[in-house]
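Residues per chain are reported as follows:
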Amino acid sequence: EKGGYEYFMAKEIDEQPRAVADTLLGRHSETGEMTLDEVRLTDQDLRDVDKVFIVACGTSYHAGQVAKYAIEHWTRIPCEVELASEFRYRDPVLDRSTLVVAISQSGETMDTLMALRHAKEQKARVLAICNTNGSTIPRESDAVLYTHGGPEIAVASTKAFLTQLTACYLVGLHLAQVRGVMFADEVGAVLERLNQMPAKIRAVLDAMGPVRELAVDLAAAKSVLFIGRHVGYPVALEGALKLKELAYMHAEGFAAGELKHGPISLIEPGTPVVCVVPSPRGRSVLRDKLVSNIQEVRARGARTIVIAEEGDEAVVPFADHVIFVPPTPTLLAPLVTTVPLQVLACEIASARGHDVDQPRNLAKSVTVE
Ligand code: F6R
């Protein structure tokens, strides 16, 4: 059933182009209408939304962090992302014009479910993004967008993450259109870019040989740091989470701008730092700032592993290793920049002799609070 792969995780990483394509399939009609799976919300309800809260845990929370950038950019509605376990217990301000988006692969995560129930008690509208048909979270939501990742067997989430990102983009575009902030042709243009993503993810997967070699090299590291800006920041967090859970190594992700406010002290000669560089064609100020951050860590002896856009040769002098990904619009970039980090974690864990699919102390579905 692993279909020739050594691990389910490797198989699921490789399935990502298909999973993203399936999640996009048939969602958008010629007239620009988006199809949710179960909708107990009217367009008027969506027009009345004045605040979006995304609640989720772990990897799904990182998808939500990426979504915040896209949703605010496209819809101009304030959007906050919160860990489900924190949201529920701090008495958040919610009412019927709040849209709460619950993201969950399993649909059974108790922290997320309790956050959703709390939101409903406060009369907020709830939309679920979920990979498991008929599970509890979509059953209790007002609307559902299913991710079509197919069953995820490995405990560490990979294809679910990419499909959650895809679903979040769709929700953002739909909200923007219903509210008249984006016209059908503008939404169509972004959808066209989204439809190009499966081929780009495939291209990244086809170039993972050097990452596998690097993984063997990094397997003895004491700690690995990850830095990013904008949507690259949650990607850095996700890269670090994967490494912690699979390789049992100290790993931490930072907003690159925060380095000088403390974490840069962690850098010793040889500390690996994975740097997620924004596209030079998009928000070039951010890209230039990240390149300065690479120079800062390198000046302190870090070994830099740089994820950058093909053609961005200017990063090469500052990189001990470069992993190029295809040019992608800034907001969609996590669909490609996350992939090498998944492969890196899988391979480092394997090199350290761990059970990649069943890391210690973890369960696939966390049904206790
Ligand atoms: C990490 C991982 C977990 C889950 C989290 C939420 O690889 O798999 O962090 O993302 O437990 O699970 P779901 O999405 O099922 O609610």
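Residues numbered from 1 in each chain as written. Predicted model: local features only at pLDDT ≥ 70, side-chain atom pairs only at ≥ 80, totals over all residues. Heavy atoms only, no water.

Here we look at the packing of helix H4 (residues 58–75) against helix H12 (residues 232–247)
A packed helix pair is summarised by two numbers, namely the angle formed by the two axes and the spacing between the axes. Interhelical geometry of H4 versus H12 gives an angle of 170 degrees and a closest axis separation of 9 Å. Our classification of the angle between H4 and H12 gives roughly antiparallel. In this structure, H4 contributes Gly 58, Thr 59, His 62, Gln 65, Val 66 and Tyr 69 to the contact, and H12 contributes Tyr 233, Pro 234, Leu 237, Glu 238, Leu 241 and Lys 242. A per-class count over the contact of H4 with H12 returns six nonpolar, four polar and two charged. (Axes fitted to C-alpha atoms, helices over the stretch in contact; angles between N-to-C directions. Helix = DSSP H or I, 4+ residues; strand = E, 2+ residues; numbered from the N terminus. Parallel < 35°, antiparallel > 145°, perpendicular 65-115°, else oblique. Contact = heavy atoms within 4.5 Å. Nonpolar A, V, L, I, M, F, W, Y, C, P; charged D, E, K, R; others polar.)

A look at the state of the cysteines
One pass over the full model with this rule turns up zero disulfides. Of all cysteine sulfurs, the one in Cys 130 lies closest to Cys 57, which takes part in no disulfide; the gap is 13 Å. Here Cys 168 stays unpaired: no disulfide links it, and the sulfur of Cys 79, its closest cysteine neighbor, is 8.8 Å away. (Disulfide = S-S within 2.5 Å.)

A word on the environment of Val 277
Mapped onto the elements, Val 277 comes out in the loop between strand E9 (272–276) and helix H13 (284–299). In this structure, the C-alpha to C-alpha distance between Val 277 and Phe 254, residues 23 residues apart in sequence, is 13 Å.

Comments concerning the side chain of Thr 163
Its location among the elements puts Thr 163 in helix H8 (residues 159–178). For Thr 163, the residues in contact, after removing those within four places along its chain, are Ala 19, Val 20, Thr 23, Thr 147 and Gly 149.

Some points on the site of the ligand
Ser 60, Ser 104, Gln 105, Thr 109 and Glu 245 are the nearest of the 13 residues found near the ligand. A distance of 2.6 Å separates an oxygen atom of the ligand from a polar atom in the side chain of Ser 104. For the ligand, an oxygen atom lies 2.7 Å from a polar atom in the side chain of Ser 106. For the shell around the ligand, the secondary structure elements donating two or more residues are H4 and H12. Sorting elements by how many residues they give to the shell around the ligand places H4 first, with three residues. Within the shell around the ligand, the residues separate by chemical class into three nonpolar, eight polar and two charged. (Near = heavy atom within 4 Å. Polar contact = N/O pair within 3.5 Å; in protein donor to acceptor, adjacent residues only side chain to side chain.)

Let's talk about the side chain of Gln 105
Considering the arrangement of structural elements, one finds Gln 105 in the loop between strand E4 (98–104) and helix H6 (110–121). Residue classification places Gln 105 among the buried residues on the basis of a relative accessible area of 11%. A polar contact is formed between the side chain of Gln 105 and the side chain of Asn 131, at a distance of 3.1 Å. Ignoring anything within four residues of it in the chain, the contact list for Gln 105 reads Ser 60, Cys 130, Asn 131, Thr 132, Glu 152, Ala 160, Gln 164 and Lys 364. (Buried < 20%, exposed > 50% of the residue type's maximum accessible area, 1.4 Å probe, protein only.)

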